[in-house]
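Summary of structural features
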Amino acid sequence: MCNNQDRLWKFQFPIIEKQVFVKDDSGKLVVSDDYKAITREDNGKLISIMSDSYKVVPNSEIIKPLLDQLSTFDSKWYIDDSHSFVSDERMRLQVTFPELVFNDGASEIALSLFLHNSYNGSEGVRSYFGAIRGICSNGMVFGQVLAKYYAKHTAGLSLDHLKQQVEQSYENIPVIQNKIEALQNDRVSKALTEAVEKRLGKGVVKYVNEQPIAVDQWELYNQITHYISHEVQKPQRAAYQLQVSKLFAL
């Protein structure tokens, strides 16, 4: 756990809220009642200007309870750098459970937890489950077949039952495998190809067209997730992964 805390220090930079000054009708600078500034306390850098009612949740208030809960797990886990990132405005933290795996016939796929937060209102504190494909680090999000946990900043985030959530998610792996088998038995239709371009863009389609023709939808899914995991910048991956989850009902 100590090692993980050392690795996560960059996610937990201190933040502070400051007053915002605006000009009144006479041109005099006065403190705004409507807005506040969120800045880094360590270097003074401005992160965002938010409404005064915005409830900011420091990354440390999410990460420390997360590590506390993970320390009670019997199964192994690690902070997975493959899809984790942090910027001044946002973070995404991936925790992978290498012993909680299933197999699609070609590779072991390990269950992962993705945890998000932001300081600019771009998203609330939220977590959801997905997986990481062993042979090529493809990130997957199971937003449709596994229950997602979501809470806005105003509601906070509780990790008290994380162990139960992970166990329950792993118990639902047979549902995922059934869905994968269905995708392996479904051919790629013209309608699906058009939906991929509409939702994910021409860059994804260009990459797919450069690959061997997908013989089934699961192969197409893996081509797309490979593109996302290796060609899309980390801050943009979650949006793509969630779209793919919806597109393939996975």
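A short tour of the structure in this document, coming up. Remember, predicted model here, so these are calculated numbers, not experimental data.

Criteria and thresholds
Residues numbered from 1 in each chain as written. Predicted model: local features only at pLDDT ≥ 70, side-chain atom pairs only at ≥ 80, totals over all residues. Heavy atoms only, no water. Helix = DSSP H or I, 4+ residues; strand = E, 2+ residues; numbered from the N terminus. Contact = heavy atoms within 4.5 Å. Buried < 20%, exposed > 50% of the residue type's maximum accessible area, 1.4 Å probe, protein only. Arc of directions from axis to C-beta. Pairing = 2+ DSSP bridges. Axes fitted to C-alpha atoms, helices over the stretch in contact; angles between N-to-C directions. Core = buried A, V, L, I, M, F, W, Y, C linked by side-chain atoms within 4.5 Å. Expected span 1.5 Å × (residues − 1). Salt bridge = Lys/Arg side-chain N within 4 Å of Asp/Glu carboxyl O. 1 Å grid on protein atoms, 1.4 Å probe; cavity = no way out; pocket = protein on both sides within 12 Å on 5 of 7 lines; lining within 4 Å. Points joined across faces, edges and corners; volume = space filled by probe spheres on them.

Of note, Asp-80 is situated in strand β4 (residues 78-86). Excluding residues that lie within four positions of it along the chain, Asp-80 makes contacts with Gln-94, Thr-96 and Ile-132.

For an α-helix, the turn length of 3.6 residues means that residues three or four places apart are oriented alike. Buried residues of helix α2 (residues 60-70): Ile-62, Ile-63, Leu-66, Leu-67, Gln-69 and Leu-70, and no others. For α2, the buried positions fall inside an angular range of 160° around the axis, keeping them on one side. Structural note: α2 exposes Glu-61 and Lys-64 on the side pointing more than 90 degrees away from its buried face.

Direction of pairing for strand β2 (residues 29-40) relative to strand β3 (residues 46-51): antiparallel, over a ladder of five bridges. What sits directly across from Tyr-35, in β3, is Ser-51. What sits between the antiparallel neighbours β2 and β3 is a turn of five residues, in which Gly-44 has the positive phi angle 75°.

Despite not being glycine, Ser-137 shows a phi value in the positive range, around 60°. On the secondary structure map, Ser-137 appears in the loop between β7 (126-133) and β8 (138-141). Positive phi, normally seen in glycine, also occurs at Ala-249, with a value near 50°. Structurally, the position occupied by Ala-249 is in the segment after α8 (234-247).

Another point: the sheet that holds β3. The antiparallel open sheet is built from three strands, whose spatial order is β1-β2-β3. At either margin of the open sheet sits one strand with a lone partner, and together these are β1 (15-23) and β3. The sheet shows a mean angle of 40° between the axes of neighbouring strands, direction not considered.

Glancing now at the environment of Asp-52. Checked against the element boundaries, Asp-52 lands in the loop between β3 and α2. Taking the relative accessible area as the measure of exposure, Asp-52 reaches 43% and is therefore partly exposed. Each C-alpha atom of the pair Asp-52 and Phe-85 lies 27 Å from the other, and the pair is 33 residues apart in sequence. If we ignore the near neighbours within four places in the chain, the residues touching Asp-52 are Asp-33, Asp-34, Tyr-35 and Lys-36.

Judged by nonpolar contacts, the single largest core of 52 residues is most densely connected at Leu-66, Phe-97, Val-196, Ile-224 and Phe-248. Ignoring anything within four residues of it in the chain, the contact list for Phe-97 reads Leu-70, Phe-73, Ser-75, Lys-76, Trp-77, Ala-110, Leu-111, Ser-112, Leu-113 and Val-166. Listed in part, the eight residues of the second largest apolar core include Phe-13, Ile-38, Ile-47 and Tyr-119.

Its 12 residues give helix α4 (residues 173-184) an end-to-end C-alpha distance of 16 Å, which sits within 8% of 16 Å, the value for a rise of 1.5 Å per residue. Turning to α4, its buried residues number three or more, namely Ile-173, Ile-176, Ile-180 and Leu-183. Seen from one end, α4 has its buried residues packed into an arc of 75°, which puts them on one side. Those residues of α4 hidden inside the fold are in contact with β5 (90-103), β6 (108-118), α3 (162-171) and α7 (217-231).

Per the stated rule, a full pass over the model turns up nine salt bridges. Notably, a salt bridge pairs Arg-40 with Asp-42, separated by 2.7 Å at the nearest N-O pair. Between Lys-206 and Glu-210 there is a salt bridge, and its shortest N-O distance comes to 2.7 Å. With a relative accessible area of 52%, Glu-210 lands in the exposed category. One salt-bridge network, held together by shared partners, links Arg-40, Asp-42, Lys-45 and Asp-88.

Turning our eyes to something else, we now look at the layout of surface pockets. Empty space within the largest pocket amounts to approximately 230 Å³. Val-188, Thr-193, Val-196, Val-205, Val-208, Asn-209, Gln-211, Pro-212, Ile-213, Ala-214, Leu-220 and Gln-223 are the residues that line the largest pocket. Of all elements in the fold, only α5 (190-200), α6 (202-209) and α7 reach the threshold of two or more residues within the lining of the largest pocket. In terms of residue count, the dominant contributor to the lining of the largest pocket is α6 (three residues).

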